[in-house]
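# Coordinate inspection notes
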Amino acid sequence: MRIAFVGCGYVADFYIQSLSNHRELELVGVYDREEERRMRFSVHYRARAYGALEELLSDPEVELVVNLTNPRSHYEISKASLERGKHVYSEKPLSMHIEQARELVEIAEKNRLLLASAPCNLLSETAQTVWKVLREGRIGRARLAYAHMDAGLMFRNYKEWYSKSGAQWPFDDEFETGCTLEHVGYYLGWLTAFFGPGLRVSSFGAVLNDTKGSSADCATPDYTVGNIEFASGLVARITCGLYGPRDHSLKIFGDDGVLSVHDCWDYHAQVFVENRKPKTWWEKHPRRARILGLGRPNVPLVHKPKFVYCSNGSRTDWCRGIAEQAEAVAEKRESRLSGRWSLHVNELALAISNGYNGPIRSTFEPVKPMAWGL
């Protein structure tokens, strides 16, 4: 499938460095409203640069638009692309406003186009392994989950972060959007796929550091905690923050065991299962096992990760969601990261970010595991 990037900022480097993993994806060109950034990116990666958004949208070669713009521009760019007959893969969130996100889904469905939203880590080897463990009932009935998306103390040197092509990390945009909208989707995607739609949310947020960014008056919460009740009956607590220690872990508690992962950003991350009814020697004698250096048994990943990951060191395939969408178009089916699923994740993320307490309106059809994850 022939694709084009709209937005050549910091995150675009991660996407273009992951393209080599997917030979079915062909980058036709790129566009950014800031000429200097557009030209720097296109020269660095030897990609065609469109002179205007209209030029890109008018190009019949472009089948799918990858929306990598500022979150406040997601709605505008995605809507324009859908109305011009292009499939759209958008960085998170679909929109900063749930009614706009719902409108995008309706436009896509009306025009028989596919709309999907990052993150795509649900398609990772680690996520698919977690899902298989749950389907096999290896921890019994899952009733509770603790998920963390805490980035660590980020208020010291963020102005020195630059991508490989020379784009500065957009700290003002990131702080204004908030760490919750930027990060909570990584685990919301997993939990909604595993346990069905979120039915109800109870959340709280606070600003722990209001001097971040250029303006030094950012009022967007940099700490949130959300509690979600899912259709399966599982209840999850998700925290997001920029002040506590870095923690991207997940624990799912079942009647018979505990499933854990240390980092959902790492597609190679091991999956661990602890039996809540100890059977093995090291489970019966955990203190002696630690002294002897015996660790918990881990679950082999269902598929050995083999992909190029970007230069920042994150073992993530950023283009896997685009490839899944392209495959869905070719097979004339809905993407696993469907528009309705993306809308639901968007609504949950906004609810947690905004301190909402109440029911969730959106829903989606069940997500299917990857064929190699069965």
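Right above here is the structure, for reference.
Here's what I pulled together on the structure shown here.

Rules behind the numbers
- Residues numbered from 1 in each chain as written.
- Predicted model: local features only at pLDDT ≥ 70, side-chain atom pairs only at ≥ 80, totals over all residues.
- Heavy atoms only, no water.
- Helix = DSSP H or I, 4+ residues; strand = E, 2+ residues; numbered from the N terminus.
- Rg over C-alpha atoms; globule rule 2.2 N^0.38 Å.
- Buried < 20%, exposed > 50% of the residue type's maximum accessible area, 1.4 Å probe, protein only.
- Contact = heavy atoms within 4.5 Å.
- Areas by Shrake-Rupley, 256 points an atom, 1.4 Å probe, with all protein chains shown as cover.
- Lys, Arg positive; Asp, Glu negative; His and termini not counted.
- Charge placed at Lys NZ, Arg CZ, Asp CG, Glu CD.
- Salt bridge = Lys/Arg side-chain N within 4 Å of Asp/Glu carboxyl O.
- Pairing = 2+ DSSP bridges.
- Axes fitted to C-alpha atoms, helices over the stretch in contact; angles between N-to-C directions.
- Right-handed = clockwise from strand over helix to strand, strands pointing away.
- Polar contact = N/O pair within 3.5 Å; in protein donor to acceptor, adjacent residues only side chain to side chain.
- Disulfide = S-S within 2.5 Å.

## Description of the overall build of the protein
A tally of regular secondary structure across the protein gives 13 helices and 14 strands. Relative to the compact-globule value of 21 Å for 374 residues, the protein shows a C-alpha radius of gyration of 21 Å, a close match. Dimensions of the protein, computed from the C-alpha atoms along their principal axes, are close to 65 × 50 × 40 Å. Buried residues in the protein amount to 56% of all 374 residues. Considering only contacts within the protein whose residues lie at least 6 apart along the sequence, 71% involve residues at least 24 apart. Accessible area for the protein stands at about 16800 Å²; split by element, carbon and sulfur atoms hold 49% of it. Side chains of the protein give 47 positive and 46 negative charges; the mean places of these two sets differ by 8 Å.

## Remarks on the pattern of salt bridges
Tallying each qualifying case throughout the model produces 24 salt bridges. One salt bridge in this structure joins Arg 48 and Asp 59, with 3.2 Å as the shortest N-O distance. Of this pair, Arg 48 sits in the loop between helix 2 (35-45) and helix 3 (53-58) while Asp 59 sits in the loop between helix 3 and strand 3 (64-67), placing them eleven residues apart in sequence. When its relative accessible area of 41% is taken as the criterion, Arg 48 is described as partly exposed. Between Arg 361 and Glu 99 there is a salt bridge, with the nearest N and O atoms lying 3.4 Å from each other. Of this pair, Arg 361 sits in the segment after strand 14 (357-359) while Glu 99 sits in helix 5 (residues 98-110), and the two are 262 residues apart along the sequence. By sharing partners, the salt bridges in this structure join Glu 324, Glu 327, Glu 331, Arg 333 and Arg 336 into a single network.

## A short note on the sheet that holds strand 5 (residues 115-117)
Here five strands make up an open sheet; going across it, the order is 2-1-3-4-5 and the pairing parallel. Every other strand in the sheet has two partners, leaving strand 2 (26-31) and strand 5 as the edge strands with one partner each. Between one strand axis and the next, the sheet turns through 20° on average, direction left out of account. With four bridges connecting them, strand 3 and strand 4 (residues 87-90) associate as parallel partners. Residue Leu 64 lies in a different strand from strand 4, and its bridge partner there is His 87. Sheet contacts for helix 12 (residues 320-331): strand 1 (2-6), strand 3, strand 4 and strand 5; angle to strand 4, the most-contacted strand, approximately 160°.

## Considerations on the pairing of strand 4
Here strand 4 shows no split at all, with His 87 and Tyr 89 on one side and Val 88 and Ser 90 on the other all buried. Running through helix 4 (residues 74-83), the crossover from strand 3 to the neighbouring parallel element strand 4 is right-handed. Sheet topology places strand 4 next to strand 5; three bridges connect them, and they run parallel. Residue pairing in the sheet places Tyr 89 in a bridge with Ala 116 of strand 5. In this region the chain leaves strand 4, passes through helix 5 and returns to the parallel neighbour strand 5; the handedness of that crossover is right-handed.

## Topic: the side chain of Asn 121
Tracing the backbone through its elements, the reader meets Asn 121 in the loop between strand 5 and helix 6 (125-135). Overall, the relative accessible area of 3% leaves Asn 121 in the buried class. Of note is the side chain of Asn 121, whose polar atom sits 3.1 Å from the backbone oxygen of Tyr 186. At 3.4 Å, the side chain of Asn 121 forms a polar contact with the backbone oxygen of Cys 264.

## Brief notes about the state of the cysteines
Across all of its chains, the model carries zero disulfides by this definition. No disulfide involves Cys 218; its sulfur sits 9.6 Å from the nearest other cysteine sulfur, which is in Cys 179.

These values are about where atoms sit, not about what they do.
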